[in-house]
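# Residue-level structural notes
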Amino acid sequence: MTKEFAAWLALFAGLFLAAICWLIAYPSYAQEQQACGPRRQVIDSLKKHYGEEERWFGIATNKKATVYLLLVSKNASWTMLRVHPDVACGVASGTDSTLMFGEPA
């Protein structure tokens, strides 16, 4: 085996290993991405498809104020959105929510 062939083989092996590592890491990166859309359209869609209504909002005071909005339906589905002035991004959603104290906010 010549030195030139060995160098090409090492380069190819390195690129192949890098591609495999990227493919393994990519699904976790994709899961971190959030679904975002026009704020009013996202809220109206959740209302139409799941019967969810806006029940609570809060402001997190981190580096800059971030508004979170919780939508809940009568069948216990819920969605948490991070809201910007014109954009809403899904943070989490689920089913089987339970009201712990008093009436819904």
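Here the structure is shown first, and the text comes after it.
As a convention, each chain's residues are numbered from 1 in the sequence order in which they are written. With pLDDT at 70 or above as the cut-off, local features in this predicted model cover only qualifying residues; side-chain atom pairs require 80 or more to be listed or tallied, and sums for whole chains, interfaces and linings still use all residues. The basis for the side-chain values is all heavy atoms of the structure; hydrogens and waters are excluded.

## Re the state of the cysteines
Note the following rule: Only a pair of cysteine sulfur atoms within 2.5 Å qualifies as a disulfide here. Runs of E in the DSSP output that reach at least two residues are strands. Runs of H or I that reach at least four are helices, and both are numbered from the N terminus.
Under the defined criterion, the tally for this structure stands at one disulfide. Covalent S-S linkage joins C36 and C89, the inter-sulfur distance amounting to 2.0 Å. Between C36 and C89 the disulfide shows an S-S torsion of about 110°. By sign, it is right-handed. Pair noted here: C36 is in strand β1 (residues 36–38) and C89 is in strand β5 (residues 87–94), with a separation of 53 residues, a long-range link.

## Notes on the sheet that holds strand β3 (residues 65–72)
Spelled out, the test is: Two strands make a pair as long as DSSP finds a minimum of two bridges between them. Fitted lines through C-alpha atoms serve as axes, helices being fitted only where they are in contact, and the angles separating the N-to-C directions of these axes extend from 0 to 180 degrees. Contacts are assigned to residue pairs with any non-hydrogen atoms lying within 4.5 Å of each other.
Strand order across the open sheet formed by five strands is β1-β5-β4-β3-β2, with antiparallel pairing between neighbours. Of all strands in the sheet, those with a lone pairing partner are β1 and β2 (53–61), marking the two edges. For this sheet, the mean inter-axis angle between neighbouring strands, taken without regard to orientation, is 30°. Sheet topology note: the β1/β5 ladder contains three bridges and is antiparallel. Counted as the bridge partner of G37 is A88 from β5. The sheet contacts of helix α2 (residues 39–50) involve β1, β2, β3, β4 (78–83) and β5, and relative to β1 the element is tilted by about 105°.

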